[in-house]
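Secondary and tertiary structure notes
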Amino acid sequence: MKIETVQRWVASVIVVHIGSVPAVSLAVYSIGIAKTDHGKGVGLWIMSAVIGLLTVAGVRLIFQRTPFTPWIVLGALPTALTGFYIF
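Everything in this summary refers to the structure shown in the same document. Computed from a predicted structure; not experimentally measured.

Below, the discussion takes up the pattern of salt bridges. If charged atoms from side chains of opposite charge come close, those side chains can pair. Taken as a whole and judged by the stated rule, the model has 1 salt bridge. The residue aspartate 37 makes a salt bridge to lysine 40 at a minimum N-O spacing of 4.0 Å. Lysine 40 sits in the exposed class, given a relative accessible area of 56%.

With that out of the way, let us pick up the nonpolar core. With 5 residues, the main nonpolar core is built from Ile31, Ala34, Val42, Trp45 and Ile86. Those elements that provide at least two residues to this core are helix H1 (3-36) and helix H2 (38-62). In this structure, isoleucine 86 is in contact with Ser30, Ile31, Ala34, His38, Gly41, Val42 and Trp45, ignoring residues within four places of it in sequence.

Here the focus is the packing of aromatic side chains. Scanning all chains against the criterion turns up 2 aromatic pairs. Relative to phenylalanine 63, the ring of tryptophan 9 has its centre 5.1 Å away and its plane inclined at 65 degrees; by these criteria the two rings are edge-to-face. Note that tryptophan 9 is positioned in helix H1 and phenylalanine 63 in the loop between H2 and helix H3 (77-86), a separation of 54 residues in sequence. With relative accessibility at 52%, the residue tryptophan 9 sits in the exposed group. With a centroid separation of 5.2 Å and an interplanar angle of 80 degrees, the aromatic rings of tryptophan 45 and phenylalanine 87 are classed as edge-to-face. Residue tryptophan 45 is located in helix H2, and its partner phenylalanine 87 is located in the segment after H3; the two are separated by 42 residues in the primary sequence. Judged by relative accessible area, which is 18%, tryptophan 45 ranks as buried.

Now for a nonpolar patch on the surface. Residues Met1, Ile3, Val6, Val10, Ile14 and Ile18 make up a contiguous nonpolar surface patch of about 650 Å² in total accessible area. Summarising the element assignment, valine 10 is placed in helix H1. Relative accessible area serves as the criterion here: at 46%, valine 10 is assigned to the partly exposed category.

Definitions and limits used
Residues numbered from 1 in each chain as written. Predicted model: local features only at pLDDT ≥ 70, side-chain atom pairs only at ≥ 80, totals over all residues. Heavy atoms only, no water. Salt bridge = Lys/Arg side-chain N within 4 Å of Asp/Glu carboxyl O. Buried < 20%, exposed > 50% of the residue type's maximum accessible area, 1.4 Å probe, protein only. Core = buried A, V, L, I, M, F, W, Y, C linked by side-chain atoms within 4.5 Å. Helix = DSSP H or I, 4+ residues; strand = E, 2+ residues; numbered from the N terminus. Contact = heavy atoms within 4.5 Å. Phe/Tyr/Trp six-rings, centres within 6.5 Å; stacked < 30°, edge-to-face > 60°. Patch = residues over 30% accessible without salt bridge, like charges linked within 9 Å, V, L, I, M, F, W, Y side chains within 5 Å. Areas by Shrake-Rupley, 256 points an atom, 1.4 Å probe, with all protein chains shown as cover.

Here it is as structure tokens:
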């Protein structure tokens, strides 16, 4: 295996970890905030979607692929799952 391939995989795992933890945390935290202040809860909920989408796009760019793909929906998955509890 080439060293470049290993470097890409290691970088993508780091990006996924750094991006998915805030995205999931904001999505879950927005449920509790939306009960008291709906506007702030929706704002956090949207921020989780943006972070998730940027995470998937970053991984795609590490592997030198186009970020515009159906896989980008995977980044909004935490947001979609928590949307039922907010609205």
